[in-house]
Amino acid sequence: MLAVALATAVTGCALKDPPAAAELQREVLLQAPVPASFRASGGVSAPVADRWLASFEEPSLTALVDEALAYNADLRVAASRVEQASGYVKVASAALLPSVGVVGLGGGKSGGGGGLDGIFLNASLELDVWGRLRYGRAAAREQSAAAEADYAYARQSLAAMVAKAWFLAVEAGMQRVITQDALGSAEGLLRMADERLRIGSGNAQAVAQARASVGPYRDTLKQVELAREQALRSLEILLGRYPAAEIAVAGRLSSMPPPVPVGVPSELLERRPDLVAAERRVAAAFDRVGEAKAAQLPRISLTAGGSNVSSDLIVLKETSSPVWSVGGNLIAPIYQGGALRAQVEIRSAEQKQAIAEYARAGQKAFGEVESALSTESILRERDAILAATVRDNEQALELTRIQYRVGTVDQRVVEQSQLSLFAARTARLRLQGEQLAQRTNLYLALGGGFDVPAMIAPVDEVKR
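Everything numeric in this text was worked out from a predicted model, so none of it was measured. (Residues numbered from 1 in each chain as written. Predicted model: local features only at pLDDT ≥ 70, side-chain atom pairs only at ≥ 80, totals over all residues. Heavy atoms only, no water.)

A. Seen up close, the overall build of the protein. When helices and strands are counted, the protein shows 10 helices and 4 strands. In the protein, the succession of α and β elements from N to C terminus is α-α-α-α-β-β-α-α-α-α-β-β-α-α. Looking at the protein as a whole, 40% of its 464 residues are labelled buried. Summarising the internal contacts of the protein: among those between residues at least 6 apart in sequence, 84% fall at separations of at least 24. (Helix = DSSP H or I, 4+ residues; strand = E, 2+ residues; numbered from the N terminus. Buried < 20%, exposed > 50% of the residue type's maximum accessible area, 1.4 Å probe, protein only. Contact = heavy atoms within 4.5 Å.)

B. Quick peek at the environment of Val162. Looking at the secondary structure, you find Val162 in helix α5 (residues 132–199). When the C-alpha atoms of Val162 and Leu238 are compared, they prove to be 6.6 Å apart, with 76 residues separating the residues in sequence. Residues within four places of Val162 in sequence aside, it is in contact with Leu61, Leu64, Val65, Ala68, Leu235, Leu238 and Leu239.

C. Focus on the side chain of Ser254. Inspection of the secondary structure assignment puts Ser254 in the loop between α6 (204–239) and α7 (265–271). Side chain to side chain, Ser254 and Glu58 meet in a polar contact 2.9 Å long. (Polar contact = N/O pair within 3.5 Å; in protein donor to acceptor, adjacent residues only side chain to side chain.)

D. Structural context of the nonpolar core. One finds Trp52, Leu61, Val162, Phe167, Leu235, Val369 and Leu446 to be the most contacted residues of the largest nonpolar core, which totals 68 residues. Looking at this core, the elements that each hand over two or more residues are α2 (21–28), α3 (59–71), α5, α6, α7, α8 (273–294), α9 (339–406) and α10 (411–446). Residue contributions to this core peak at 18 residues, all from α5. Among residues more than four places away in sequence, those in contact with Val369 are Phe38, Leu268, Leu442, Ala445 and Leu446. If you look at the next biggest cluster of nonpolar residues, it comprises 8 residues, including Leu189, Tyr404, Val409 and Ala424. (Core = buried A, V, L, I, M, F, W, Y, C linked by side-chain atoms within 4.5 Å.)

E. Here's a closer look at the packing of aromatic side chains. For the structure on display, the rule yields 6 aromatic pairs. Measuring from ring centre to ring centre gives 5.0 Å for Phe56 and Phe167, while their planes differ by 70°; the resulting arrangement is edge-to-face. Of this pair, Phe56 sits in the loop between α2 and α3 while Phe167 sits in helix α5, and the two are 111 residues apart along the sequence. On the basis of relative accessible area, Phe167 is assigned to the buried category, the value being 2%. Relative to Phe422, the ring of Tyr217 has its centre 5.7 Å away and its plane inclined at 85°; by these criteria the two rings are edge-to-face. (Phe/Tyr/Trp six-rings, centres within 6.5 Å; stacked < 30°, edge-to-face > 60°.)

F. Just the environment of Glu236, in detail. Note on placement: Glu236 falls in helix α6. With 71 residues separating them along the chain, Glu236 and Ala165 place their C-alpha atoms 9.3 Å apart. In this view, Glu236 contacts Arg241, Tyr242, Pro243, Ala244, Ala245, Glu246 and Ile247; residues no more than four positions away in its chain are not counted. Of the polar contacts made by the side chain of Glu236, one reaches the backbone nitrogen of Ala245; its length is 2.7 Å.

G. Layout of the packing of α8 against α9. Two numbers describe how α8 lies on α9: the axes approach to 8 Å, and their chain directions differ by 170°. Relative to α9, the element α8 lies roughly antiparallel. Residues Leu275, Ala278, Glu279, Arg281, Val282, Ala285, Phe286, Arg288, Val289, Ala292 and Lys293 of α8 pack against Gln343, Val344, Arg347, Ser348, Glu350, Gln351, Ala354, Ile355, Tyr358, Ala361, Gly362 and Ala365 of α9. Looking at the contact of α8 with α9 residue by residue, the class counts come to 13 nonpolar, 4 polar and 6 charged. (Axes fitted to C-alpha atoms, helices over the stretch in contact; angles between N-to-C directions. Parallel < 35°, antiparallel > 145°, perpendicular 65-115°, else oblique. Nonpolar A, V, L, I, M, F, W, Y, C, P; charged D, E, K, R; others polar.)

H. Broad picture of the pattern of salt bridges. Within this structure, the stated rule accounts for 16 salt bridges. For Asp274, the salt bridge is made with Arg272, and the minimal N-O distance between the two is 2.7 Å. Under the relative-accessibility criterion, Arg272 is labelled buried at 1%. Note that Asp383 and Arg428 form a salt bridge whose closest N and O atoms lie 3.1 Å from each other. With Asp383 in helix α9 and Arg428 in helix α10, this pair connects stretches of sequence that are 45 residues apart. Overlapping salt bridges bring together Arg272, Asp274 and Glu368 as one network. (Salt bridge = Lys/Arg side-chain N within 4 Å of Asp/Glu carboxyl O.)

I. Summary view of the confidence of the model for the protein. Chain-level statistics for the protein give a pLDDT mean of 85 and a share of 88% at 70 or above. Across residues 457–461, confidence stays below pLDDT 50; counting only partners more than four residues off in sequence or on other chains, it has 7 contacts. (pLDDT = per-residue confidence, 0-100.)

J. Broad picture of α8. With 22 residues, α8 should reach 32 Å at 1.5 Å per residue; the first-to-last C-alpha distance of 31 Å fits that figure. Within α8, 19 of the 22 residues are buried, which leaves it mostly tucked inside the rest of the structure. (Expected span 1.5 Å × (residues − 1).)

K. Main features of a nonpolar patch on the surface. Taken together, the side chains of Val100, Val102, Ile119, Leu121 and Trp324 present a nonpolar region at the surface, about 530 Å² in accessible area. Those elements giving two or more residues to the nonpolar patch turn out to be β1 (99–105) and β2 (116–127). (Patch = residues over 30% accessible without salt bridge, like charges linked within 9 Å, V, L, I, M, F, W, Y side chains within 5 Å. Areas by Shrake-Rupley, 256 points an atom, 1.4 Å probe, with all protein chains shown as cover.)

L. Spatial organisation of helix α4 (residues 73–94). Look at α4: 32 Å from first C-alpha to last across 22 residues, which is about the 32 Å you get at 1.5 Å a residue. For α4, every residue scored as buried is listed here: Leu75, Ala78, Val82, Ala85, Val89 and Ala92. Around the axis of α4, the buried residues are gathered within 90° of arc, so they sit on the same side. Seen from the buried face of α4, the exposed residues on the opposite side, beyond 90 degrees, are Glu83, Lys90 and Val91. One side-chain oxygen of the residue at the start of α4 lies 3.0 Å from the amide nitrogen of Asp74, identifying that residue as Asn72. (Arc of directions from axis to C-beta.)

M. Representation of the packing of α5 against α10 within the structure. In contact at an axis separation of 9 Å, α5 and α10 are set at 170° when each is read in the N-to-C sense. It follows that α5 is roughly antiparallel to α10 by the angle criterion. Of the residues that constitute the contact of α5 with α10, the class distribution is 16 nonpolar, 11 polar and 6 charged.

In structure tokens:
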């Protein structure tokens, strides 16, 4: 009978499997199926590649990402959640094993001599006939797997944030150079106006206008320098450093990498770690429902105990062997005010919430990829337009300066031409920085790894 009971404890009723991945994916787009390819252009029809960080060809950036992975506070918080979830798995698994305890007694009496002395040993094992404990263990494992996927996505997000902060800091440094050049040109016009006034070919009004044009450029330079310091501080905070705005970055932006392999939309739901985490939470919620339903059924436990007691105060039956006992308990809930049924309803509602959150995350992921692809395509076209605009303004300014030197145009024409070139160069620099940032967003949205690809098993492969 004991062997049969132990076999029942090990096997019990088979657990039901959580919703299949295909069933969950239908929840993502209820009105239309997932298309065979992304609608927006800009990507390459090929499997998504990992190691996207290396595509920027910036060893210094790669080193900073490694530093952030080691010292970023938010990532350490995510890592601690993984450890906590692993501990909950051990706690849930322990409930399926026998529980053993021991109690020792010792006493005395007035005038010397021994009192009641002995040792009590007891053990118990709940027979998980209905799967309540196994459902609890499966839910804990799914939650642990979700925490691991969340950590993987946190690493990817951190790498993307460091890359974008790097590009922003580099862009701010280049913007400072452009502003310094514009300020230098304005100061050159002021010197030229002073020289013309000195030799008698100019007038005081031209000098005043030239001096007035210098001030806005100086103010703009201060704003750009502040923006650069703030960008450096943001980068340092991501790295876990003190925000002193002292970190060194490159002097020029990275070249735009070639178009990205984007794969197919259906793979996105299985590749992005945040979507994998949402899928695991659906499975965990399913197991919690099974656990709550099984809690309404009787619990059967095996118990065993032994004792060896002696006393000088009480006359005990003499025996040369300890006393042992083996038995069983059955606890059946009869009436608890509807609490158990309400618990099933709560767990069922939590499962619906988990499915809805998975659908929301999937729709958001599709939107992020389509938006990043569309934005990259438009930015590429704009870059060609602004590059031509910069060249035209450079040529126009050079011709205007020649005309100003020979006296065929006044200073205002030169200032307008200079301001147009400054605006064009600034706009193109911002666009180039935005291109790199959007490319980083696209890498993150596609779910490709920035370093060694992480192996995340599908939900169905999590050991139950």
